[in-house]
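Residues per chain are reported as follows:
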Amino acid sequence: VVTEPTDAEPASRRRLLSAAGAGLAGAAATLLVTGCGQAAKPLPEQKLSPTSPAASADIDVLNHLLDLEHVAISAYTAGTPLLVPDVTKAGSLFLNDELGHAGQLIGLIKQAGGLPNKPAPSYDLGHPQTSKDVLELLHELERQQLAAYLEAIPQLAPGMVRQQVVAVMANDAQHVSVLRASLGLSPVPSALVTGRE
Amino acid sequence: MKATATRREVIAGSLAAAGFAAFAGPAAAATTTTTTTASVPSETEVLALMLTLERLMVLAYRRVLASGTLEPSVQPTVTVQLDHEVQHVAAVAARLTALGQPAPTGQLDLASGQALLAHNKVSGSLTHISDQRDALRLLVNLESLAEGVHYAAIMDLSTPSLIRLSAQIMSCEAQHWTVLSGIQHPGQYVKAVPWPFVQGNHVTIPGG
């Protein structure tokens, strides 16, 4: 599912993620078959730089964000094959990003002494038939993520945890720009990102 | 003499270099910096640095548009992003004003802008923009700097509404980065969204 990028510099760091993401991609793919009764594999923990752990009160907040990442992973996994060739590579790339985000959140939750939520056995993603349908679905899910991250970040402590989470939010905002451009929409619709635009 | 600066001193020094003595205070007296410690800058200091960077962005976008180097198809995109930067200045300035601090809203003056570029080792010039490639590279590099300022601010701010504002602006700057890099590298998504985590580039103290 995950396409290995070919460009030199960005790819070098991406490969580091892919090493961890290879197992994650397998777990994501499992989401598609768990509806037949198989158990989903847990997502491995992302390697984190040393930091102060999140407050235990933030575990629920982080798990809510993780739930949304699980949905996005399943949508990119199921939807990317339906994308037209021009944007298939973006779908694969963004799936890899979402896997990294989930791993990051799992790490933060565990550092805070919490138990990360596992993916649901299946998700109702509707019935997208075309590349445009998939892009619209992904756009909607990314917007939901942005809104959730924006609500969550001011609640989190300490500041280093906020930093790690805002780094994810900003990347999702970049996904939104590419998805919007692919849909023929303005890639940066607002000076202040809210997730509602 | 080697000195260690706190984050407060780093910010104050940067502001002093940009001509903001009112914000610099005694911490600006710090000389050489090599490392930072955990002393947290005040929210007004953080906001003042955010404002300085956003005013630099306005200056840079205007210089790029005035250079006449952009293809007609690219100009509208850059114009939209300039408008966003102007809105960022207004939003941050309003918060500073509410805290009783001076908050200039015009673009940064050229000399201060060039100094900030040099201090932060940003390749490109505000005065010598020879072609579209130069122009886009300058803006991409500055967007990285803007991302970095907000990434740092998210850690130091404590008021929820200010944290939220900084996250909103940082995400917008990340989108700008992606659009500009996308123009530079059409169809190469890995160049437009190269990392799963956006951190930008750190702002360094002048003379550090």
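Residues numbered from 1 in each chain as written. Chains lettered and ligands numbered in written order. Predicted model: local features only at pLDDT ≥ 70, side-chain atom pairs only at ≥ 80, totals over all residues. Heavy atoms only, no water.

K.L.:
Kindly report on the overall build of chain B, identifying the contributing residues and their values.
P.N.:
If you tally the helices and strands in chain B, you get eight helices and two strands. Across chain B, helices and strands are ordered from the amino to the carboxyl terminus as β-α-α-β-α-α-α-α-α-α. Burial statistics for chain B: of 208 residues in total, 53% are counted as buried. Carbon and sulfur atoms make up 56% of the accessible area of chain B, which totals about 8,100 Å². (Helix = DSSP H or I, 4+ residues; strand = E, 2+ residues; numbered from the N terminus. Buried < 20%, exposed > 50% of the residue type's maximum accessible area, 1.4 Å probe, protein only. Areas by Shrake-Rupley, 256 points an atom, 1.4 Å probe, with all protein chains shown as cover.)

K.L.:
Kindly report on the side chain of Glu143 of chain B, identifying the contributing residues and their values.
P.N.:
All names here are of chain B. Checked against the element boundaries, Glu143 lands in helix α6 (residues 132-156). In this structure, Glu143 is buried with no salt-bridge partner, the nearest side chain bearing the opposite charge being Arg62 at 13 Å. For Glu143, the contacting residues outside a window of four places in its chain are Met57, Tyr61, Gln81, Glu85, Glu173, His176, Trp177 and Leu180. (Lys, Arg positive; Asp, Glu negative; His and termini not counted. Salt bridge = Lys/Arg side-chain N within 4 Å of Asp/Glu carboxyl O. Contact = heavy atoms within 4.5 Å.)

K.L.:
I'd love a proper account of the side chain of Glu142 of chain A, names of residues and values included.
P.N.:
All names here are of chain A. Inspection of the secondary structure puts Glu142 in helix α4 (residues 131-152). Buried and unpaired, Glu142 has no salt bridge, with Arg143 as the nearest side chain of opposite charge at 10 Å. At a separation of 2.6 Å, a polar atom in the side chain of Glu142 contacts the side chain of Tyr76. Those residues in contact with Glu142, other than ones at most four positions away along the chain, are Tyr76, Glu98, Asp172, His175, Val176 and Leu179. (Polar contact = N/O pair within 3.5 Å; in protein donor to acceptor, adjacent residues only side chain to side chain.)

K.L.:
Go over the nonpolar core with me, naming the residues and quoting the values.
P.N.:
If you look at the biggest cluster of nonpolar residues, it comprises 111 residues, and the most contacted ones within it are Val165 of chain A together with Leu56 and Leu142 of chain B. The element that contributes the greatest number of residues to this core is helix α3 (residues 43-66) of chain B, accounting for 14 residues. Discounting chain neighbours no more than four positions away, the residues touching Val165 of chain A are Leu62, Leu65, Leu108, Tyr149, Ile153 and Leu156 of chain A. (Core = buried A, V, L, I, M, F, W, Y, C linked by side-chain atoms within 4.5 Å.)

K.L.:
Outline the packing of aromatic side chains, supporting the account with residue identities and numerical values.
P.N.:
All names here are of chain A. Taken as a whole and judged by the stated rule, the model has one aromatic pair over all chains. Aromatic pair Tyr76 and Phe94: ring centres 6.3 Å apart, planes at 85°, arrangement edge-to-face. Of this pair, Tyr76 sits in helix α2 (residues 59-79) while Phe94 is found in helix α3 (residues 85-111), placing the two residues 18 residues apart along the sequence. Taken individually, Tyr76 and Phe94 each receive the classification buried, so the pair is uniform in this respect. (Phe/Tyr/Trp six-rings, centres within 6.5 Å; stacked < 30°, edge-to-face > 60°.)

K.L.:
Just give me the short version of unusual backbone geometry, but keep the residues and values in it.
P.N.:
Glycine aside, negative phi is the norm for most residues, and most peptide bonds take the trans geometry. Cis geometry marks the peptide bond from Ala157 of chain A to Pro158 of chain A, where omega comes out at 0°. Topologically, Pro158 of chain A is positioned in the loop between α4 and α5 (159-182). In the Ramachandran plot, Lys121 of chain B falls in the positive-phi region, its phi being about 55° despite a non-glycine side chain. On the secondary structure map, Lys121 of chain B appears in the loop between α5 (110-119) and α6.

K.L.:
Let's hear about the interface of chain B and chain A: which residues, and what values?
P.N.:
Across the boundary between the two partners, chain B contributes 39 residues, which contact 45 residues of chain A. The junction of chain B with chain A conceals about 3,600 Å² of combined surface from both sides, 69% of it contributed by carbon and sulfur atoms. Where chain B packs against chain A, one counts zero salt bridges. Inspection of the region where chain B meets chain A yields 13 residue pairs in polar contact (both at pLDDT 80 or more). Sorting the residues of the side of chain B that touches chain A by element identifies α4 (75-98), α6, α7 (160-184) and α8 (189-192) of chain B as the ones contributing at least two each. Of the residues that constitute the side of chain B that touches chain A, the class distribution is 25 nonpolar, eleven polar and three charged. (Buried area = accessible area lost by both parts, 1.4 Å probe. Nonpolar A, V, L, I, M, F, W, Y, C, P; charged D, E, K, R; others polar.)

K.L.:
Now, about empty space enclosed by the protein: what can you tell me, with residues and values included?
P.N.:
Residue and element names in this part refer to chain A. All chains considered together, the criterion is met by three cavities of 30 Å³ or more. A volume near 40 Å³ is recorded for the largest cavity. Broken down by secondary-structure element, the contributors of at least two residues to the lining of the largest cavity are α3 and α5. With four residues, α3 is the largest single contributor of residues to the lining of the largest cavity. A breakdown of the residues in the lining of the largest cavity according to their chemical character gives seven nonpolar, two polar and no charged. (1 Å grid on protein atoms, 1.4 Å probe; cavity = no way out; pocket = protein on both sides within 12 Å on 5 of 7 lines; lining within 4 Å. Points joined across faces, edges and corners; volume = space filled by probe spheres on them.)

K.L.:
Can you break down the packing of α3 of chain B against α7 of chain B residue by residue, with the values?
P.N.:
The packing of two helices is summarised by the inter-axis angle and the distance between the axes. Residues and elements named next belong to chain B. At their nearest, the axes of α3 and α7 sit 13 Å apart, and the two run at 25° to each other. Judged on the interaxial angle alone, α7 and α3 are roughly parallel. When you trace α3 past α7, the crossing you get is left-handed. Counted together, Glu43, Leu47, Met50, Glu54 and Tyr61 of α3 and Leu162, Ser166, Ile169, Glu173, His176 and Leu180 of α7 form the full contact between these two elements. Considered class by class, the residues forming the contact of α3 with α7 number six nonpolar, two polar and three charged. (Axes fitted to C-alpha atoms, helices over the stretch in contact; angles between N-to-C directions. Parallel < 35°, antiparallel > 145°, perpendicular 65-115°, else oblique. Left-handed = near helix turned anticlockwise from the far one by under 90°.)

K.L.:
Explain the pattern of salt bridges to me, and be specific about the residues and the numbers.
P.N.:
Residue and element names in this part refer to chain A. Overall, the coordinates contain three salt bridges over all chains when judged by the stated rule. In this structure, Lys132 engages Glu136 in a salt bridge whose closest nitrogen and oxygen atoms are separated by 2.7 Å. Taken together, the positions of Lys132 and Glu136, both in helix α4 and four residues apart, correspond to about one turn of that helix. Judged by its relative accessible area of 48%, Lys132 is partly exposed.

K.L.:
Which residues make up the packing of α5 of chain A against α7 of chain B, and what values go with them?
P.N.:
One can describe the packing of α5 of chain A onto α7 of chain B by two numbers: an axis separation of 8 Å at closest approach and a directional angle of 45°. Compared by their axis directions, α5 of chain A and α7 of chain B come out oblique. For the pair α5 of chain A and α7 of chain B, the sense of crossing is right-handed. Here Arg162, Val166, Met169, Ala170, Ala173, Gln174, Val176, Ser177 and Val178 of chain A of α5 of chain A lie close against α7 of chain B, whose contacting residues are Ile163, Ala167, Met170, Ser171, Ala174, Gln175, Trp177 and Thr178 of chain B. Classifying every residue of the contact of α5 of chain A with α7 of chain B by side-chain character gives eleven nonpolar, five polar and one charged.

K.L.:
Describe the environment of Ala91 of chain B, naming the residues involved and giving the relevant values.
P.N.:
You can see Ala91 of chain B is positioned in helix α4. For the pair formed by Ala91 of chain B and His176 of chain B, sequence separation is 85 residues and the distance between their alpha carbons is 18 Å.

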